[in-house]
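Structural characterization, general
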Amino acid sequence: MASINLIEAFQEFKDAENIDRPTLMRVVEDVFKTLIRKKYGSDDTFDVIVNAEKGDLEIFRRRTVVDDDDVYNTLEEIEVTEAKKISPDYEVGEEVYEEVNLEDFGRRAILAAKQTLASRISDLKKNVLAKKYGDRIGEIISAEVYQVWKKEILLLDEEGNELILPKSEQIPQDYFKKGENIRAVVKKVDMKNNTPVIILSRTSPDFLAKLLEIEVPEIFDGLIVIKKIVREPGERAKVAVESYDDRIDPVGACVGMKGSRIHGIVRELKNENIDVINWTNNTQLLIQRSLTPAKITTMDLNNEDRHASVYLKPDQVSLAIGRRGVNIKLACELTGYNIDVYRDNEGEVEEFDIDLEEFSDEIESWVIDELKRIGCDTARSVLDLTPEELERRTDLEKETIAEVRKVLQAEFEKE
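Residues numbered from 1 in each chain as written. Predicted model: local features only at pLDDT ≥ 70, side-chain atom pairs only at ≥ 80, totals over all residues. Heavy atoms only, no water.

Another point: a negative patch on the surface. Residues Asp 67, Asp 68, Asp 69 and Asp 70 make up a contiguous surface patch of negative charge. Along the chain, the position of Asp 69 falls in the loop between strand 2 (56–66) and strand 3 (77–79). On the accessibility criterion, Asp 69 (73% relative accessible area) is exposed. (Patch = residues over 30% accessible without salt bridge, like charges linked within 9 Å, V, L, I, M, F, W, Y side chains within 5 Å. Areas by Shrake-Rupley, 256 points an atom, 1.4 Å probe, with all protein chains shown as cover. Salt bridge = Lys/Arg side-chain N within 4 Å of Asp/Glu carboxyl O. Lys, Arg positive; Asp, Glu negative; His and termini not counted. Charge placed at Lys NZ, Arg CZ, Asp CG, Glu CD. Helix = DSSP H or I, 4+ residues; strand = E, 2+ residues; numbered from the N terminus. Buried < 20%, exposed > 50% of the residue type's maximum accessible area, 1.4 Å probe, protein only.)

Printed below as a string of structure tokens:
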């Protein structure tokens, strides 16, 4: 029997590995039974047999043999004379199985059926893809960069499915080239024009949480639980952890020996500073820990207004605030309290300053060490000295000093 070149259509089935075979068979059967109904008015006496491996399809028609001129329903009955033309052995009362040639339906009807079949398979693939990634929301996946655009990156997974990493979900320092493999977390699945759009993220707290789960076996095993994560992507993150086993130090386990566990995550997040702190239900202690690396002297808490006034030594204020105010902003998000920082000795709000260590991505570490050697550990303490004074008191070149001052001044001009 002619297969009317159905092999191309059935190849779609072979490619759609994630679609279960019974579902595929039902779709093909449904499409061709629709074709039968259009030609004969009913499909009750027809059997559609599909062979997806060979790429062919057979249709059989069942009718009961009756005496000549005794046919009441041509769909269900056949005259004995006609039946004997098919096989001379047929007798009245027997059932005739006759193969229907697909070409009898007409070229236009067959073409429409093939198009419907292709459309139904495409819809099945979309539904499978949407379900697959809908079930994987919050999981880390690895995908290859296929195309880089201004507002987003198109990636392909191992099965060739298209994934989107928008610019808003990229770490500011991210830079990817075509062919590069990158890791991200599945954020959501949107439906646009009945097509699933899988959105990935590298800025989501879930991405950091999953990276920690991969690197820290105690988190994967449930011995340590991540209570909360807040992030300023590419700048700083704060992770509050708690141990369910008194013998395990949750912070030490997450950081690892000499930072061995956290270093890989920091590199993945483009040198994002990660503060891991011990979770506690003691609000005052939680606020104190959340302002890491600064050390607090005293604190006034107003639990009703969820407000905290924190007092620190002058050299700790810039650490508490952080570069561009990131540290204190994250501390507020982590604790749920509005935190105001004051000098311990004056009770006045500290003039905004930034610790030099916050500039480690723009100023070389040996330059920072040299400035600290003369007592300059914040941006303002450097800018308070003239270039001549800095040149006289340090071993830095005039050009280096000018570049450092330019970087520091630019930071304050942003505020």
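Let us keep going from here.
Its 28 residues give helix 4 (residues 107–134) an end-to-end C-alpha distance of 40 Å, which sits within 8% of 40 Å, the value for a rise of 1.5 Å per residue. Those residues of helix 4 lying buried are Ile 110, Ala 113, Leu 117, Ile 121, Leu 124, Leu 129, Ala 130, Lys 132 and Tyr 133. (Expected span 1.5 Å × (residues − 1).)

Counting residues in each nonpolar core, the largest one holds 24 residues, and the members touching the most others are Leu 208, Leu 212, Val 239, Ile 262, Ile 265, Leu 269 and Ile 274. Of all the secondary structure elements, the ones that give two or more residues to this core are helix 5 (205–215), strand 10 (224–232), strand 11 (236–243), helix 7 (250–255), helix 8 (260–268) and strand 12 (273–278). Broken down by element, the residue count for this core peaks at five residues, all from helix 5. If we skip the residues at most four places from it in the chain, Val 239 touches Leu 208, Leu 212, Ile 226, Lys 228, Ile 229, Ile 274, Asp 275, Val 276 and Ile 277. (Core = buried A, V, L, I, M, F, W, Y, C linked by side-chain atoms within 4.5 Å. Contact = heavy atoms within 4.5 Å.)

In space, the five strands of this closed barrel follow the order 5-6-7-9-8, with mixed pairing throughout. In this sheet, neighbouring strand axes are inclined to one another by 50 degrees on average, regardless of whether the strands run parallel or antiparallel. Against the sheet, helix 4 contacts strand 5 (140–148), strand 7 (162–166), strand 8 (181–192) and strand 9 (195–201), and its axis sits at roughly 25 degrees relative to strand 9. Contacts between helix 5 and the sheet are confined to strand 5, strand 8 and strand 9, with strand 8 contributing the most and set at about 135 degrees to the helix. (Pairing = 2+ DSSP bridges. Axes fitted to C-alpha atoms, helices over the stretch in contact; angles between N-to-C directions.)

Everything listed here is a matter of coordinates, which is why it stays silent on function.
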